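Remarks on the overall topology
The chain contents come next:
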Amino acid sequence: MENKIPYKIYLEENEMPKQWYNVRADMKKKPAPLLNPATLKPMTLEELSGVFCTELAKQELDNDTAYFDIPEEICDFYKMYRPSPLVRAYFLEKALGTPAKIYYKFEGNNTSGSHKLNSAIAQAYYAKKQGLKGVTTETGAGQWGTALSMACSYFGLDCKVYMVKVSYEQKPFRREVMRTYGASVTPSPSNTTNVGRKILEQFPGTTGSLGCAISEAVETAVSSEGYRYVLGSVLSQVLLHQSIIGLETMAACDKYDIKPDIIIGCAGGGSNLGGLISPFMGRKLRGEADYKFIAVEPASCPSMTRGKYAYDFCDTGKVCPLSKMYTLGSGFIPSANHAGGLRYHGMSSVVSELYDEGLIEARSVEQTSVFDAATQFARIEGTLPAPESSHAIRVAIDEALKCKETGEEKTILFGLTGTGYFDMVAYQKYNDGVMTDYIPTDKELEDSLKNLPEV
């Protein structure tokens, strides 16, 4: 059987999942509810529907429905770039001289270059169905903004993107892809919103953060008729849509009787990690199988490994609901030298709860070692990986080298969330030898966590 596993496993179109899987249904302890910051009571459907599309708000609040049918129009759109391949990294295994078997699920075969399109198209679909004019959002490195601009152009919706200022300046080409698909892109923090002006006053010359950009996008959505806000990660609805990754992976594994021992994903807000592991975690929670799950985050933005599990604002301007999550504080802004993505101050409430229960391990890695792994992978496997995904590559290589020492034949699976073609400024810094590592001090994190809301 061993020799029969192809380098790339593709499912047939008719084998694509027809439903998303909601891991919350199988969790004994559910993630804590979102709270209204004014009343500190759980957000109601009515309150959430003021910010999100109603159907998405329902998905956000549903902890019990295990499977949601994927609407036909979304299934049709998925066919443009799905099913995505599960790749056996034969070349990497050989180069490392490891007895481990390494697989990766590759999500980069679309113009947005990442997994983000899986949820963008779903969110645009529900906005269109609700009869809205458009949506607002934030983006950091730009994958989410790119994906959403594509989804909005498909459904004829207006798309307003607030892009973290440092990325807006460093990644002009991703900005231009968004504009090509019809989106308007504003560097954040900006003078176009009250919250943006306030942040600029408080922190003149700031390079921005996702938390700032979220605040601006939410303010614009709630103050513009016929608009709603959409988010590319963190939320439970996004993890639901991204479960297509894990469901396809599981179907491909089952087809060839592949049983992963270790499943690894990079973690910023939790969308791709949650999407990849959800169906496998469901099996673990139901007692059907066991896996070791590893979430990999940057040492410069270590919400799980060094943050606090507490209620916090999802945004810097404190206009969003409160979420119970591993957080570094909503005012935390990663150092401007941090080029590897995954810049969000908190972690999905679902991922946070699973981590708190010890069902997931977390590791933080420094960005120079991440780019070491990215370069090694690009040279051996031939794909230029996104810096975000390269966090997972780093730990997958580390685990494979451990197997080389112990002689264990473990099966390692990781998520390759996308390509790195728009991240060449970061690669340039690495290649020029000027990339540095930044690790926040305990005092910096302590100061940031001092401002957590009292709940």
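Here is what the cut-offs are and how they apply
- Residues numbered from 1 in each chain as written.
- Predicted model: local features only at pLDDT ≥ 70, side-chain atom pairs only at ≥ 80, totals over all residues.
- Heavy atoms only, no water.
- Pairing = 2+ DSSP bridges.
- Helix = DSSP H or I, 4+ residues; strand = E, 2+ residues; numbered from the N terminus.
- Axes fitted to C-alpha atoms, helices over the stretch in contact; angles between N-to-C directions.
- Contact = heavy atoms within 4.5 Å.
- Buried < 20%, exposed > 50% of the residue type's maximum accessible area, 1.4 Å probe, protein only.
- Core = buried A, V, L, I, M, F, W, Y, C linked by side-chain atoms within 4.5 Å.
- Salt bridge = Lys/Arg side-chain N within 4 Å of Asp/Glu carboxyl O.
- Lys, Arg positive; Asp, Glu negative; His and termini not counted.
- Polar contact = N/O pair within 3.5 Å; in protein donor to acceptor, adjacent residues only side chain to side chain.
- Parallel < 35°, antiparallel > 145°, perpendicular 65-115°, else oblique.
- Left-handed = near helix turned anticlockwise from the far one by under 90°.
- Nonpolar A, V, L, I, M, F, W, Y, C, P; charged D, E, K, R; others polar.

**With respect to the sheet that holds strand 6 (residues 134-139)**
- Strand order in the open sheet formed by four strands is 8-7-6-9, with parallel pairing between adjacent strands. Only two strands of the sheet have a single partner each, and these edge strands are strand 8 (184-188) and strand 9 (227-229). Ignoring which end each strand starts from, the neighbouring axes of this sheet average 25° apart.
- Across five bridges, the pairing between strand 7 (residues 158-164) and strand 8 is parallel. Residue pairing in the sheet places V161 in a bridge with V185 of strand 8.
- Along the sheet, helix 10 (residues 210-222) contacts strand 6, strand 7, strand 8 and strand 9; its crossing angle with strand 6, the most-contacted strand, is approximately 170°.

**Quick notes on the environment of E47**
- With respect to the secondary-structure elements, E47 resides in helix 1 (residues 45-48).
- By relative accessible area, E47 is classed as partly exposed at 32%.
- Considered as a pair, E47 and A57 are ten residues apart in the sequence and their alpha carbons are 9.1 Å apart.
- Filtering out sequence-adjacent residues up to four positions away, E47 remains in contact with N36 and P42.

**Details of the environment of L285**
- As for its placement among the helices and strands, L285 is situated in helix 12 (residues 271-285).
- Classification of L285 by relative accessible area gives buried; the value is 17%.
- Counting along the chain gives 259 residues from L285 to D26, while the straight-line C-alpha distance between them is 6.3 Å.
- With residues near it in sequence (within four places) discarded, L285 still touches V23, D26, M27, K28 and L359.

**As for the environment of L328**
- Tracing the chain through its elements places L328 in the loop between strand 13 (322-327) and helix 14 (349-356).
- The class for L328 is buried, based on a relative accessible area of 0%.
- Separated by 20 residues in sequence, L328 and K308 place their C-alpha atoms 6.7 Å apart.
- With near-sequence residues (within four places) excluded, L328 lies in contact with C301, P302, S303, R306, G307, H345, L445, S448 and L449.

**Things to note about the nonpolar core**
- Formed by 76 residues in total, the largest nonpolar core has its most connected members in W20, Y78, M281 and I360.
- Listed in part, the 35 residues of the second largest apolar core include V87, V370, F377 and V395.

**As for the pattern of salt bridges**
- Tallied over the entire structure, the rule returns 28 salt bridges.
- When the shortest N-O distance is used, the salt bridge between D26 and R286 registers 2.8 Å. Of the two residues, D26 is situated in the loop between strand 2 (19-21) and helix 1 and R286 in the loop between helix 12 and strand 11 (292-298); the sequence distance between them amounts to 260 residues.
- Looking at D26, the relative accessible area reads 19%, which means it is buried.
- Judged by relative accessible area, which is 37%, R286 ranks as partly exposed.
- Residue E361 is joined to R363 by a salt bridge in which the shortest nitrogen-to-oxygen separation is 3.6 Å.
- What emerges from the salt-bridge pattern is a single network uniting K292, E361, R363, E399 and K402.

**A word on the side chain of E388**
- Within the element layout of this structure, E388 appears in helix 16 (residues 387-406).
- Here E388 occupies a buried position and makes no salt bridge, while the nearest side chain of opposite charge, K171, is found at 5.2 Å.
- At a separation of 3.4 Å, a polar atom in the side chain of E388 contacts the side chain of Q143.
- Residues contacting E388, with those up to four places away along its chain left out, are A141, Q143, C266, G340, G341 and L342.

**A word on the packing of helix 15 (residues 367-381) against helix 17 (residues 424-431)**
- Relative to each other, helix 15 and helix 17 sit at 100°, their axes nearing to 11 Å. Here helix 17 runs roughly perpendicular to helix 15, going by the angle between their axes. Contacts between helix 15 and helix 17 involve T368, F371, D372, A374 and T375 from the first element and A426, Y427 and Y430 from the second.

**Overview of the sheet that holds strand 1 (residues 8-9)**
- Read from one edge to the other, the open sheet built from seven strands follows the order 1-4-5-15-10-11-14, with strand pairing classed as mixed. Edge positions in the open sheet fall to strand 1 and strand 14 (361-365), since each of these has one partner strand only.
- In this sheet, strand 5 (residues 101-106) lies alongside strand 4 (residues 86-88) in antiparallel orientation, the contact comprising three bridges. Bridging across to strand 5, R88 finds its partner in Y103.
- Each of strand 4, strand 5, strand 14 and strand 15 (411-416) is contacted by helix 15, which is oriented at about 95° to strand 14, the strand it contacts most.

**Quick look at the packing of helix 11 (residues 236-255) against helix 12**
- Between helix 11 and helix 12, the least distance of the axes is 6 Å, while the angle of their chain directions is 55°. When the interaxial angle is binned, helix 11 and helix 12 end up oblique. Between helix 11 and helix 12 the crossing geometry is right-handed. Of the residues in helix 12, those touching helix 11 at V238, L239, Q242, S243, I245, G246, L247, T249, M250 and D254 are S271, G274, G275, L276, P279, F280 and R283.
- Per-class residue counts for the contact of helix 11 with helix 12 are eight nonpolar, seven polar and two charged.

**What to know about the side chain of K116**
- Here K116 lies in the loop between strand 5 and helix 5 (117-129).
- For the buried K116, no salt bridge exists, and the shortest N-O distance to an oppositely charged side chain is 7.4 Å, to E138.
- If we ignore the near neighbours within four places in the chain, the residues touching K116 are Q143, W144, A147, G232, S233, Q242 and S271.

**Focus: unusual backbone geometry**
- Residue P83 is reached from R82 by a cis peptide bond, and omega for that bond is -5°.
- Mapped onto the elements, P83 comes out in the loop between helix 3 (72-78) and strand 4.
- Along the chain, S188 connects to P189 via a cis peptide bond; the corresponding omega equals 5°.
- Checked against the element boundaries, P189 lands in the loop between strand 8 and helix 9 (194-202).
- In this structure, L40 takes a positive phi of about 60° despite not being glycine.
- The topology assignment puts L40 in the loop between strand 2 and helix 1.
- On the basis of relative accessible area, L40 is assigned to the partly exposed category, the value being 36%.
- Backbone geometry places D257, a non-glycine residue, at a positive phi of 55°.
- Along the chain, D257 turns up in the loop between helix 11 and strand 10 (262-266).

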